[in-house]
Structures are given as C-alpha cells and as structure tokens.
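If you want the building blocks of each chain, they are given just below.
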Amino acid sequence: MNKIFTTLVFLLLLSSQSFFAQQIQPTAQELELKKNEAQTQKALKENHKKLDDRIDQLKKERKELESKKKSLSKSESNLKSTKDKIEKLEIANQKIENKITTTSISDEEIQKQRIKTKENEVNIQKLKLTQITQEKELEKAMSSI
C-alpha cells in the first residue's frame with residue numbers, strides 16, 4: 001500500500017509539474033506576442049507620422065503650385081490687356097490718319113490730329129515696353145511651374 005501511495009504521489013507530482021510547465025510556457029508565448037504587438041504599434045505610429053508629414057509637404061507644394069498658377073494667369077491677363085490697348089491705339093491712329101487724308105479740314109485741325117497721333121505713338125511705345133516686361137514675367141512664371 002505504501003508503494004501504491006508513493007507511486008500515486010509521484011505521478012501526482014509529475015502531472016502537477018507538467019501542468020506548471022504548460023502554464024509557464026504560454027506565458028512566455030504571451031510575452032513574445034505582446035512584444036511583437038508593441039513593435040507593430042511602434043512601427044504603425046512611425047508610418048502614420050511619416051504619412052502625415054508627407055501629406056503636409058504635399059499640401060504646401062499644392063499651395064505653391066496654385067499660387068504659381070494664379071501668377072501665370074495674372075501675367076497672361078496683363079499681357080492680353082496690354083496687347084488690346086496697343087491695338088486700340090493703333091486703330092485710333094489709323095482712323096485719325098484716314099480722317100486727315102480723306103476729309104478737307106483746316107491746317108490747325110490737322111496739327112491737332114497729328115499731335116494726337118504722336119501722343120498715341122508715345123503711349124504705344126510705352127505699352128510695348130510694358131508688354132516686353134510682361135512677356136518676361138510670363139516666361140518666368142511658366143518656367144517656375
């Protein structure tokens with residue numbers, strides 16, 4: 001009976017040790033799993049931060065591009081306006097010249113008309129200089145995009 005009892009106690013001890021070993025082993029796996037999860041969370045946070053930084057950078061670049069597009073559009077508009085003004089003054093001069101040659105008007109009126117055409121010519125030259133400057137600005141705006 002003593003042998004049976006000893007054997008039983010021995011078997012009970014063996015099974016309890018195996019139970020404790022099984023209990024400890026999952027704990028090590030859980031620790032490894034928690035460690036992996038922590039690393040994953042850390043990597044996720046880093047990736048989110050990188051993405052947020054990239055998004056901010058792209059937003060800044062988009063704002064710059066929109067600003068450059070507005071500048072380009074404004075330069076084109078200014079150039080077109082200047083060209084229109086030059087064209088109107090040239091047409092006005094042609095009308096004045098036609099009026100001088102086709103109608104009989106006094107010498108005084110002819111002188112007034114010639115002065116007006118000279119003033120228009122000066123304004124045309126000023127506008128042409130402005131046009132050159134605007135064309136350079138337009139080229140600069142186009143090259144910056």
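1. Observations concerning the overall build of the chain
And then number 1: What the chain contains, in helices and strands, is 2 helices and 0 strands.
And then number 2: Among the 145 residues that make up the chain, the fraction classed as buried is 13%.
And then number 3: Taking the contacts inside the chain whose residues are at least 6 apart along the sequence as the reference set, 78% of them involve residues at least 24 apart.
And then number 4: Surface accessibility of the chain: about 12600 Å² in total, with carbon and sulfur atoms responsible for 57%.

2. A few points about the side chain of Ser 75
And then number 1: Mapped onto the secondary structure, Ser 75 falls in helix H1 (residues 2–102).
And then number 2: The contacts of Ser 75, once residues within four sequence positions are left out, are Glu 137 and Leu 138.

3. Re the side chain of Gln 131
And then number 1: Position of Gln 131 among the secondary structure elements: in helix H2 (residues 107–144).
And then number 2: The class for Gln 131 is buried, based on a relative accessible area of 15%.
And then number 3: Residues contacting Gln 131, with those up to four places away along its chain left out, are Leu 79, Thr 82, Lys 83 and Ile 86.

4. Details of the pattern of salt bridges
And then number 1: For the structure on display, the rule yields 6 salt bridges.
And then number 2: Where Glu 66 meets Arg 62, a salt bridge forms, and the shortest distance between an N and an O atom there is 3.6 Å. Taken together, the residues span about one helical turn, with Glu 66 and Arg 62 both in helix H1 at a distance of 4 residues.
And then number 3: Classification of Glu 66 as partly exposed rests on a relative accessible area of 41%.
And then number 4: Note on Arg 62: relative accessible area 55%, which makes it exposed.
And then number 5: Ionic pairing is found between Lys 128 and Glu 90, a salt bridge with its closest N-O pair at 4.0 Å. Of the two residues, Lys 128 sits in helix H2 while Glu 90 sits in helix H1, which places them 38 residues apart along the sequence.
And then number 6: Overall, the relative accessible area of 33% leaves Lys 128 in the partly exposed class.

5. Comments concerning H2
And then number 1: With 38 residues, H2 should reach 56 Å at 1.5 Å per residue; the first-to-last C-alpha distance of 55 Å fits that figure.
And then number 2: Along H2, the residues classified as buried are Ile 110, Gln 113, Thr 117, Asn 120, Ile 124, Leu 127, Gln 131, Gln 134, Leu 138 and Ala 141.

Definitions and limits used
- Residues numbered from 1 in each chain as written.
- Predicted model: local features only at pLDDT ≥ 70, side-chain atom pairs only at ≥ 80, totals over all residues.
- Heavy atoms only, no water.
- Helix = DSSP H or I, 4+ residues; strand = E, 2+ residues; numbered from the N terminus.
- Buried < 20%, exposed > 50% of the residue type's maximum accessible area, 1.4 Å probe, protein only.
- Contact = heavy atoms within 4.5 Å.
- Areas by Shrake-Rupley, 256 points an atom, 1.4 Å probe, with all protein chains shown as cover.
- Salt bridge = Lys/Arg side-chain N within 4 Å of Asp/Glu carboxyl O.
- Expected span 1.5 Å × (residues − 1).

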